[in-house]
Amino acid sequence: MPHDMSRYKVAIVGPKQVISGFKALGVTSFSAENSEEALRVLVRLKANVEGQVGEQFATIILIESLAAGIEAEDMERVMRGALPAIVLLPGVEGSQGAGVQ
């Protein structure tokens, strides 16, 4: 059965001071101060899409510095499948190259 894309949202995961401005753009924000918290959020959001329950996000913006601290196999697990697409965004410290890797 095809996905009804009109019900999907965009989320951002990162430190509160970095993600707060995205609310004005209609992006749902999830605060995570470290990579462990970010991974817990990603796993929960991925489960929502797979189980088609709760808020569902087609795109998740993840602050790059948090992604750098997540084990490769854990990132692979949450990125597997078509949805959600996870996009890395440099934080206030600038790009660390994790998006290229």
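Participant: I'm lost on the overall build of the protein in this one. Help?
Facilitator: A tally of helices and strands in the protein yields four helices and four strands. Ordered by position from N to C terminus, the α and β elements of the protein give β-α-β-α-β-α-α-β. Nonlocal contacts in the protein, meaning residues at least 24 apart in sequence, comprise 67% of its contacts between residues at least 6 apart. Summed over all atoms, the accessible surface of the protein reaches about 5900 Å², with 54% contributed by carbon and sulfur.

Participant: I tried to follow helix α2 (residues 35–51) on my own but got confused; where do I start?
Facilitator: In an α-helix there are 3.6 residues to a turn, and that puts residues three or four apart on one side. In a regular helix each residue adds 1.5 Å, so 17 residues correspond to 24 Å; α2 covers 24 Å between its end C-alpha atoms and thus fits that length. Listed in full, the buried residues belonging to α2 are Ser35, Ala38, Leu39, Val41, Leu42, Leu45, Lys46, Asn48 and Val49. Where α2 is buried, its residues meet β1 (9–14), β2 (28–31), β3 (57–63), α3 (64–68), α4 (72–79) and β4 (85–89). Put simply, asparagine 34 is the residue that caps the front of α2, since its side-chain oxygen is 3.1 Å from the backbone nitrogen of glutamate 36.

The rules behind the values
Residues numbered from 1 in each chain as written. Predicted model: local features only at pLDDT ≥ 70, side-chain atom pairs only at ≥ 80, totals over all residues. Heavy atoms only, no water. Helix = DSSP H or I, 4+ residues; strand = E, 2+ residues; numbered from the N terminus. Contact = heavy atoms within 4.5 Å. Areas by Shrake-Rupley, 256 points an atom, 1.4 Å probe, with all protein chains shown as cover. Expected span 1.5 Å × (residues − 1). Buried < 20%, exposed > 50% of the residue type's maximum accessible area, 1.4 Å probe, protein only. Polar contact = N/O pair within 3.5 Å; in protein donor to acceptor, adjacent residues only side chain to side chain.

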